[in-house]
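# Structural description and commentary
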Amino acid sequence: MAESTVRIGLLLPEVLGTYGDSGNAQVLCKRLQWRGHEAEVVPVALDSEVPSTLDIYLLGGGEDSAQVLAARRLLASPGLTRAASAGAPVFGVCAGLQILGTRFRGFDGADHPGVGLLDVVTAPSPRRAVSELAAIGDLVDTPLTGFENHQGTSTLGPGSVALGRVVRGTGNGDGTEGAVTGHVVGTYLHGPALARNPALADLLLSWVLGRDLPSLAMPEVELLRSERLAALPRRIR
Ligand code: GLN
């Protein structure tokens, strides 16, 4: 393995892999390799310590009880918080977003601590949000698209800003979507989000490498994006 290999941590895929978000790791890996970088995906299993030496950490969506298990595990193994405090980017989707927050209420009515990398509190809403989801934000200059499937609604505190403003779907539940604190990003976008939003993938990679990446012409990705954008109201396409 080359010294400069970018190591993409895929956290607890056995329990945070229900919604296909593990594809985000493949997307980051491929977008690096296509530009000539060495990169590898490092799955971190539920029963192993989380290394603090990976270059970026990904968390996917998961079922309610699996999410509680994942949060407990990540609180017990300090590698993620250590790496994030040292500046490593972290990207969490849905259950991943909720775990990155300070706490979330389970469907048993109990509050569970999150790892606290985002200033976000989550509680279940009466209605499950199952829809296409789209948002416009400042981090990337194209609309973010994906699909959502969650019951939790998330409230941001002053330590996080929203990833975007919802233009279709529910997102956090108050018109905002996702949360950002420094290089820690959470979102309700499945898709996988980084396949559907390559600009977001490249933003995360620019944080990993400390510089912008050259653009990558990918007609297939543009075709997929234009199909998905066609589902949005005309005024924001
Ligand atoms: N269990 C969480 C919720 O329903 C997260 C679901 C998900 O990851 N898609 O809010």
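I will try to describe carefully the structure that is included in this document.

Definitions and cut-offs
Numbers given for residues are sequential positions, taken from 1 along each chain in its written order. Only residues with pLDDT of at least 70 get local features here, since the model is predicted, and only at 80 or more are side-chain atom pairs given and counted; chain-wide, interface and lining totals rely on the full set of residues. Hydrogens and waters are ignored; side-chain quantities use all the structure's heavy atoms. Salt bridge criterion: a side-chain nitrogen from Lys or Arg within 4 Å of a carboxyl oxygen from Asp or Glu. Helix numbers and strand numbers start at the N terminus; a helix is a DSSP run of H or I with at least 4 residues, a strand a run of E with at least 2. Throughout, exposure labels follow a simple rule: accessible area from a 1.4 Å probe, protein chains only, divided by the maximum for the residue type, with under 20% read as buried, over 50% as exposed, and the rest as partly exposed. Strands were regarded as paired on the criterion that DSSP finds at least two bridges between them. Interaxial angles span 0 to 180 degrees and are taken between N-to-C directions of axes, which are lines fitted to C-alpha atoms, for helices over the stretch in contact. A 3.5 Å cut-off defines polar contacts: any pair of N or O atoms within that distance qualifies, except that in protein one atom must be a possible hydrogen donor and the other a possible acceptor, and neighbouring residues in sequence count only when both atoms are side-chain atoms. A single heavy atom is enough: if one lies within 4 Å of a molecule or strand, its residue is considered near that molecule or strand. Only the protein chains shown count as cover for residues, and all accessible areas are computed by the Shrake-Rupley method using a 1.4 Å probe. The rule is simple: put a 1 Å grid over the protein atoms alone, call a set of points where a 1.4 Å probe fits but cannot get out a cavity, call an open set with protein on both sides within 12 Å along at least five of seven lines a pocket, and count a residue as lining if it has an atom within 4 Å of a point. Pocket or cavity membership: a molecule qualifies when more than half of its atoms sit within 2 Å of the grid points of that site. For this classification, the nonpolar set comprises Ala, Val, Leu, Ile, Met, Phe, Trp, Tyr, Cys and Pro, the charged set comprises Asp, Glu, Lys and Arg, and every other residue, Gly included, is treated as polar. What a helix should span is 1.5 Å times the count of its residues minus one. By convention a nonpolar core is built from buried Ala, Val, Leu, Ile, Met, Phe, Trp, Tyr and Cys residues, the set being connected through side-chain atoms within 4.5 Å. Any two residues having at least one pair of non-hydrogen atoms within 4.5 Å are treated as being in contact. Grid points are joined across faces, edges and corners, and a volume is the space filled by probe spheres set on the points.

Glancing now at the pattern of salt bridges. A complete count under the given rule lists seven salt bridges for this structure. With a shortest N-O distance of 3.6 Å, Glu 132 and Arg 228 are connected by a salt bridge. Highlighted residues: Glu 132 in strand S7 (residues 120-136) and Arg 228 in helix H7 (residues 219-229), separated in sequence by 96 residues. Among the residues examined, Glu 132 registers a relative accessible area of 19% and is labelled buried. Classification of Arg 228 as partly exposed rests on a relative accessible area of 32%. Three or more residues are tied together by salt bridges with common partners; here these are Arg 31, Arg 35 and Asp 202.

The next thing to look at is the sheet that holds strand S4 (residues 90-93). The mixed open sheet is built from six strands, whose spatial order is S2-S1-S3-S4-S12-S11. Where the open sheet ends on each side, the last strands, each with one partner, are strand S2 (39-44) and strand S11 (179-181). Across the sheet, the mean angle from the axis of one strand to that of its neighbour is 15°, orientation sign disregarded. Bridge count for strand S1 (residues 6-11) against S2 is six bridges, and the pairing is parallel. Counterpart to Arg 7 in the pairing with S2 is Glu 40.

As a further point, take the side chain of Ser 160. Position of Ser 160 among the secondary structure elements: in the loop between strand S8 (144-156) and strand S9 (164-168). Within polar-contact distance, the side chain of Ser 160 engages the backbone nitrogen of Asp 119 at 2.8 Å. Engagement of the side chain of Ser 160 in a polar contact is seen with the side chain of Thr 181, the distance being 2.6 Å.

We now examine the site of the ligand. Around the ligand lies a shell of 14 residues, among which Asp 64, Cys 94, Asn 149, Gln 151 and Gly 152 are the nearest. At a separation of 2.9 Å, an oxygen atom of the ligand approaches a polar backbone atom of Gln 151. Relative to its unbound accessible area of 300 Å², the ligand is 99% covered by the protein chains. Cavity membership is defined here by more than half of the atoms lying within 2 Å of grid points; on that basis the ligand lies in the second largest pocket. Among the elements of the structure, helix H2 (64-76), helix H4 (95-100) and S8 are those that each provide at least two residues to the shell around the ligand. Sorting elements by how many residues they give to the shell around the ligand places S8 first, with four residues. In the shell around the ligand, the residues fall into three nonpolar, nine polar and two charged.

To continue, consider helix H6 (residues 198-209). The terminal C-alpha atoms of H6 lie 16 Å apart, and with twelve residues this matches the ideal 16 Å at 1.5 Å per residue to within 8%. Counting buried residues along H6, nine of its twelve residues qualify, which places the element largely inside the surrounding structure. Restricting attention to buried positions, one finds in H6 the residues Pro 198, Leu 200, Ala 201, Asp 202, Leu 203, Leu 204, Leu 205, Ser 206 and Trp 207. Looking one or two residues past H6, Gly 210 carries a phi angle of roughly 80°, positive in sign.

Once that is clear, we can look at the nonpolar core. For soluble globular proteins, the rule of thumb is that nonpolar side chains tend to be buried together. In terms of nonpolar packing, the biggest core is built from 63 residues, with Ile 8 and Leu 80 touching the most fellow members. The leading source of residues in this core is H6, at six residues. When near neighbours in sequence (up to four residues on either side) are disregarded, Ile 8 contacts Ala 25, Leu 28, Cys 29, Leu 32, Ala 39, Glu 40, Val 41, Val 42, Ile 56 and Leu 58.

A separate point is the layout of surface pockets. Taken as a whole, the largest pocket spans an internal volume of roughly 300 Å³. Counting only elements with at least two residues in the lining of the largest pocket, the list comes to H6 and H7. With five residues, H6 is the largest single contributor of residues to the lining of the largest pocket. There is about 180 Å³ of room inside the second largest pocket. Lining the second largest pocket we find 22 residues, and of these Asp 64, Gln 67, Gln 98, Phe 107 and Gly 152 sit closest to its centre. Those elements giving two or more residues to the lining of the second largest pocket turn out to be H2, H4, strand S5 (103-105), S7 and S8.

What follows deals with the pairing of S4. Residues in a regular strand project their side chains so that they alternate between the two faces of the sheet. The alternating pattern of S4 places Val 90 and Gly 92 and Phe 91 and Val 93 on opposite faces, both of which are buried. Of the strand pairs in this sheet, strand S3 (residues 56-59) and S4 are connected by three bridges, and their pairing is parallel. Paired with Tyr 57 across the two strands is Val 90, which belongs to S4. Across four bridges, the pairing between S4 and strand S12 (residues 184-187) is parallel. Across the sheet, Phe 91 pairs through a bridge with Val 185, a residue of S12.

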